[in-house]
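A closer look at the structure
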Amino acid sequence: MSKLGLNFGGESPVVLTVPGRKTGAPRSTPVTPMTVDGKRYVVGGFPGADWVKNARAASEVTLTRGRTKERVRMVELSAEEAKPLLRAFPTEVPTGVGFMKRSGLVKDGRPEEFEALAGRCAVFRFDPI
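About the cut-offs
- Residues numbered from 1 in each chain as written.
- Predicted model: local features only at pLDDT ≥ 70, side-chain atom pairs only at ≥ 80, totals over all residues.
- Heavy atoms only, no water.
- Pairing = 2+ DSSP bridges.
- Helix = DSSP H or I, 4+ residues; strand = E, 2+ residues; numbered from the N terminus.
- Axes fitted to C-alpha atoms, helices over the stretch in contact; angles between N-to-C directions.
- Contact = heavy atoms within 4.5 Å.
- Core = buried A, V, L, I, M, F, W, Y, C linked by side-chain atoms within 4.5 Å.
- Buried < 20%, exposed > 50% of the residue type's maximum accessible area, 1.4 Å probe, protein only.

Named according to an unreviewed UniProt entry, the chain is Deazaflavin-dependent nitroreductase originating from Mycobacterium kubicae.

Printed below as a string of structure tokens:
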């Protein structure tokens with residue numbers, strides 16, 4: 001559904017495609033970016049997720065929404081830079097709250113719980129190329 005550009009709960013998911021760090025083969029995963037102060041970010045929901053490792057190793061990734069493709073550079077934020085964005089996550093990506101609860105990373109989904117994930121869950125900024 002993400003490849004078709006369909007929304008989940010009013011949010012705009014995209015398919016993030018990144019070269020595999022070992023094979024170089026394209027690896028795709030659906031993500032839901034959030035926009036804060038005019039900049040786009042994405043939170044890596046599972047610490048140690050393969051797409052996060054691949055994004056760290058790649059210089060560029062492709063974001064696809066429907067038939068629209070965009071090349072971007074992903075910049076990982078420090079734990080301190082990530083805190084306010086993680087705090088905003090439950091409001092900006094409400095469907096992500098359930099995901100994070102089911103994964104055991106947060107209990108109630110309060111902003112403070114998400115902020116406490118700084119340094120455990122990666123937060124990336126999408127910079128245009």
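From this point, things continue past the structure.
1. A word on the sheet that holds strand β4 (residues 39–43)
With respect to topology, 7 strands assemble into an open sheet ordered β2-β1-β5-β6-β7-β4-β3, the strand pairing being antiparallel. Here the strands that pair on one side only, and so sit at the sheet edges, are β2 (26–31) and β3 (34–36). Between one strand axis and the next, the sheet turns by 40° as a mean value, whatever way the strands run. Bridge analysis of strand β6 (residues 68–76) against strand β7 (residues 123–128) gives 5 bridges, and the strand direction is antiparallel. Each residue of the ladder has a partner; that of V75, found in β7, is R125. Packed onto the sheet, helix α2 (residues 79–92) meets β3, β4 and β7 and runs at close to 125° relative to β3.

2. Topic: the nonpolar core
Of all hydrophobic cores here, the largest spans 19 residues; its most connected members are M34, V43, L86, M100, F114 and L117. Listing elements by their share of this core, those giving two or more residues are β3, β4, α2 and α3 (94–102). Broken down by element, the residue count for this core peaks at 4 residues, all from α2. When neighbours within four sequence positions are excluded, M34 is seen to be in contact with K39, R40, Y41, V43, L85, F89, E92 and V93. Membership of the second largest hydrophobic core comes to 17 residues, among which are V14, A55, A122 and F126.

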